[in-house]
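Each chain, written out:
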Number of protein chains: 2
Amino acid sequence: MPKPEIEYPLALENQLCFALYSANRAMTALYRPLLEPLDLTYPQYLVFMVLWELQRKKELPCKVTLIGNTLGLDTGTLTPLLKRMETKGWLVRERLLSDERVVGIDLTDTGIALKRKAQGIPAKLFCQTGLELNAITGLKKAIEELTCHLRDSDRQST
Amino acid sequence: MPKPEIEYPLALENQLCFALYSANRAMTALYRPLLEPLDLTYPQYLVFMVLWELQRKKELPCKVTLIGNTLGLDTGTLTPLLKRMETKGWLVRERLLSDERVVGIDLTDTGIALKRKAQGIPAKLFCQTGLELNAITGLKKAIEELTCHLRDSDRQST
DNA sequence: TACAAATATATTGTGCACAATATAATGTGT
DNA sequence: ACACATTATATTGTGCACAATATATTTGTA
């Protein structure tokens, strides 16, 4: 992660990976008190953002795989996560008659209603970043480009 | 995370948090094939970086809490992690005679020797980021500043 | 010197991530 | 129509993160 001509490359403070790791944990730590009143974990909030957006586009129900591709998660993570969300009454999981392999995911009224309570979260977090809108946009873009490079490298080595 | 005057603030693509979440997972995914030959997980690699650096400064053995403060991890995470690393023969855990509450952590010869095999990892990852050294340094700095802001906000709300 | 507060680590339980494998349904080629 | 590959999801097992609680030791104080 760090540099080729550095005195001590294994120093923790040289690692971009550790900066990312720390920032990600600090970020989810800030979400936690905002999500706790909604009885949501952070990954569940991500799933809701996907589903609310699909509902807006009238593309529900959707396949589990669509959620997985959008968030980069496999069924080993999603199946139990979606089951917990179903238990909470936020969504329903049902095998399609047209193709029994596929499980269709759809929001319940409760799941749709939860969106109202989540509306204020993005603005609250924006304030807590302590950055200007332009700075955030730029940083997000830089991080997304890094992610692209990393995924390309990953595919190459496979 | 996103913006105050945005048409749809809850869109996934507006979230800085999701960019961070994705980048962090892409990054650890790239480390995995490099660490697997050393039988290391990514968090274990972080612990090793802390310990190797302390050894360089002749500050071993050290307290569990020092590792925890450096990495931002609590004993609920560290105790089992350090036990697994002890089982592998990389370090020893021993209560101090001077203060029986404290567990001293020290590297074994095997743990010290593992450093040689890890030397090449930072350079390999640097190449895979696809970024110039200056770009990485700048991005790391920007992410670290974000982390500072987020932690400040977290402390305030507590 | 008792005794309460503070400190350091450990334990328990939940929920991700992720690898590896399993299961079942659908599609394909002959 | 039948074997075989492909696809979609589920299951199992390991290892973090993190909250909540427990335990044991030391420190400070009346």
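The rules behind each value
Residues numbered from 1 in each chain as written. Chains lettered and ligands numbered in written order. Predicted model: local features only at pLDDT ≥ 70, side-chain atom pairs only at ≥ 80, totals over all residues. Heavy atoms only, no water. Axes fitted to C-alpha atoms, helices over the stretch in contact; angles between N-to-C directions. Helix = DSSP H or I, 4+ residues; strand = E, 2+ residues; numbered from the N terminus. Parallel < 35°, antiparallel > 145°, perpendicular 65-115°, else oblique. Contact = heavy atoms within 4.5 Å. Nonpolar A, V, L, I, M, F, W, Y, C, P; charged D, E, K, R; others polar. Buried area = accessible area lost by both parts, 1.4 Å probe. Salt bridge = Lys/Arg side-chain N within 4 Å of Asp/Glu carboxyl O.

Draft legend 1. The packing of helix α2 (residues 42-56) of chain A against helix α4 (residues 75-87) of chain A, seen in detail. Residues and elements named next belong to chain A. In the contact formed by α2 and α4, the axes pass within 11 Å of each other and the chain directions differ by 85 degrees. In terms of axis orientation, α2 runs roughly perpendicular to α4. For the pair formed by α2 and α4, the contact residues are P43, Q44, V47 and F48 on the first element and L78, L81, L82, R84 and M85 on the second. For the contact of α2 with α4, the residue count by class is seven nonpolar, one polar and one charged.

Draft legend 2. Representation of the interface of chain A and chain B within the structure. Each partner contributes to the interface: chain A provides 65 residues, whereas chain B provides 66 residues. Together chain A and chain B conceal approximately 6400 Å² of surface at their shared face, both sides included; 70% is due to carbon and sulfur atoms. Across the contact surface, chain A and chain B share zero salt bridges. Those elements that place two or more of their residues in the side of chain A that touches chain B are α1 (16-35), α2, α3 (64-71), α5 (109-118), α6 (121-129) and α7 (133-157) of chain A. Of the residues in the side of chain A that touches chain B, the class split is 40 nonpolar, 14 polar and eleven charged.

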